[in-house]
Structure formats: C-alpha cells, structure tokens
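Inside the fold
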Amino acid sequence: RPEIVEEEAAIVRSIYEMFLAGKTIRYIADFLTNEGIPTPRGKSKWSVSTVRSILTNEKYKGDAILQKTYVVDFLTKETRVNHGEKKQYLVENSHDPIIAPETFAKVQEQLAQRLEKRNWSGSQHPFANRLICATCGQFYGHKVWHNANNTERYDVWYCNHRYRADKTCDSPILREKDIRSAFEAVLRKRKDPDPTYSDERWRTLVESVTVFPDRRLSFKLTEGKEIAVRV
C-alpha cells in the first residue's frame, strides 16, 4: 500500500490543479523548481518526465498496479522494469485516494487532447501549433514562397483562415527569419546570457505566440511571463 504524506499529497493536488487550469507540464516543472519544492526523490530540479509521471500514476486515485518491476536474478536481487515481460495486475481502491477518480480521468483526457493538438498539423516544426492569429484565433500554417526568378525561397507563416473562401483573414504574413529574430528580442528582454535562437530553446520556453494585425507578437512563455515585440 503506497504511503503518501500530506505534504506530498498537497504538491500532487497542486500539480493536477495547475494542469487542469491550462498550464503546460514544462511550466509546472519550472514553477516547482523555482519555488524550491523538492521532487518525490528529494531532488531540487523538477523534470517534465517527473511531472508527467505524477499526472499518469494511478496510485494517486487509489488504485495500484502490481508487478511494475520483477526480479531477474533471485541470487543477486537484480530487478527490472516490467515492459510487458510479466503479467501485471490492477487492484482498484487499494488505498485512500488523494485525487478524485473523475479528476484523474479528466487529466488523462486532457493529456490525450494536448498530444493530438500538438500533432494536428502533421508537422514537427517548432512553430507548428504555437503561432495564433489574434484576429480569428486560428493557428498559423507554413508555406514556401519563391522570388520571381525562382532563385530564392522564403519560409513564411500565415493564418490558416487567410485564403479560405468562406472566411478570409487579413492578419500579417510573417517570414520565418523574422519570427526567429522576434524570439531573440524576447530573450534579450529576459536578460538571457545567450540570446540566440535554437529550436530546442523555442520548444522549451515558448508556450504560444499571438500575432496581432500591427505585426506585434505577444510571446506567452512557459515560465508564466508574457513579452511582446514587433516585427
């Protein structure tokens, strides 16, 4: 039976509450780290994987899965994580829950929805599903333009409603290089020691970017800040 102290229970509840309030897993991990709250293993830095494991662990809703690990060698006591090599057993209501089953179910549903939303465009580009039109609320999509002589190419992003016959949107078209430059301007405003664009830094820091008609980009960062720049 898992023994959970009240202090840990309070942290777990806050993680579920933040997630259901719309915070990203990265935001939650950074928030807990900045607040000086230790992880379940006593570490000072929270990782995305640690937060995700809490959001998907059935023990918090009162259930238990038996045989998550198994002994490989009874002499050396070597154990391994069970990835399907051995049969596992679910014991419902094995202990008092600290997360209501319906709350746990909502979190699992949102996890699935966020993953589906992230993969909606079929693109692994870091800008996909991050750029949002302030005029109509649609995501920005990617397109490649060429000059008249077809000697140069330009990667551009524009509102997915811009060229729809039923409802057009006159939000600005952005060159990819300008979006990167805007992100570097955000890094400078954060007093970042290395304000240089990289896909990894974008994915880590940027939760969403709202694009306004006056070419103002409002960056909502995973750390909770909002910084606006113009391109």
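What this report covers is the structure whose coordinates are included nearby. Predicted model, so just to flag it, every value in this text is computed and none were measured.

Cut-offs applied
- Along each chain, residues carry numbers from 1 onward, in the same order as the chain's sequence is written.
- Local features in this predicted model are restricted to residues whose pLDDT is 70 or higher, and side-chain atom pairs enter the listing and the counts only when it is 80 or higher, whereas totals over whole chains, interfaces and linings include all residues.
- With hydrogens and water excluded, all non-hydrogen atoms of the structure serve as input to the side-chain values.
- Each helix is a run of DSSP H or I of at least 4 residues and each strand a run of E of at least 2, with the numbering of both proceeding from the N terminus.
- Buried residues are those whose accessible area, probed at 1.4 Å on protein chains only, stays under 20% of the maximum for their type, while exposed residues exceed 50% and partly exposed ones sit between those limits.
- Note on areas: Shrake-Rupley with a 1.4 Å probe; residue coverage comes only from the protein chains shown.
- By definition, two strands form a pair when at least two bridges between them are found by DSSP.
- Only the stretch in contact is used when a helix axis is fitted, and all axes are lines through C-alpha atoms; the angle between N-to-C directions ranges over 0 to 180 degrees.
- Small angles under 35 degrees read as roughly parallel and large ones over 145 as roughly antiparallel, with 65 to 115 read as roughly perpendicular and the rest as oblique.
- What makes two residues a contact is simply this: any of their non-hydrogen atoms within 4.5 Å.
- When residue character is reported, Ala, Val, Leu, Ile, Met, Phe, Trp, Tyr, Cys and Pro are called nonpolar, Asp, Glu, Lys and Arg charged, and the others, Gly included, polar.
- Side-chain atoms within 4.5 Å link the members of a nonpolar core, which is a set of buried Ala, Val, Leu, Ile, Met, Phe, Trp, Tyr and Cys residues.

Quick notes on the overall build of the chain
Per the secondary structure count, the chain includes six helices and 11 strands. Taken across its 231 residues, the chain has 33% of its residues classed as buried. In the form shown here, the chain has an accessible surface area of approximately 14,200 Å², with 48% of it arising from carbon and sulfur atoms.

Focus: the pairing of strand β10 (residues 216–221)
Looking at chain direction, strand β9 (residues 206–211) and β10 are connected through five bridges and run antiparallel. Paired with V211 across the two strands is L217, which belongs to β10. Counting the residues between successive antiparallel strands, the hairpin from β9 to β10 contains four residues, one of them, R215, with a positive phi of roughly 70 degrees. Bridge count for β10 against strand β11 (residues 226–230) is five bridges, and the pairing is antiparallel. Pairing of R216 across the sheet is with R230, part of β11. Counted between consecutive antiparallel strands, the loop separating β10 from β11 contains four residues, among which G224 sits at a positive phi close to 105 degrees.

As for the packing of helix α2 (residues 25–34) against helix α3 (residues 48–56)
The N-to-C vectors of α2 and α3 enclose an angle of 110 degrees; their axes lie 8 Å apart at closest approach. The angle between α2 and α3 falls in the class roughly perpendicular. Residues I25, R26, I28 and A29 of α2 lie in contact with α3, whose contacting residues are V48, V51, R52 and L55. Of the residues contributing to the contact of α2 with α3, the split by class is six nonpolar, no polar and two charged.

Considerations on the nonpolar core
Within soluble globular proteins, side chains that are nonpolar generally end up buried alongside one another. In this structure, L131, Y140, F183, W202, L217 and F219 are the most contacted members of the largest nonpolar core, which totals 25 residues. Elements represented by at least two residues in this core include exactly β5 (131–133), β7 (153–159), α5 (176–189), α6 (199–205), β9, β10 and β11. With sequence-adjacent residues up to four places away left out, Y140 is seen in contact with L131, I132, C133, W157, Y158, C159, N160, S171, P172, L174 and V211. Membership of the second largest hydrophobic core comes to 22 residues, among which are L32, V51, I99 and L111.

Regarding the sheet that holds β11
Pairing within the open sheet is mixed, and its four strands lie in the order β5-β9-β10-β11. Across the chains shown, the open sheet's two edge strands, defined by having one partner strand only, are β5 and β11. Sheet twist, expressed as the mean angle between neighbouring strand axes with direction ignored, is 25 degrees. Sheet contacts for α5: β5, β9, β10 and β11; angle to β11, the most-contacted strand, approximately 130 degrees.

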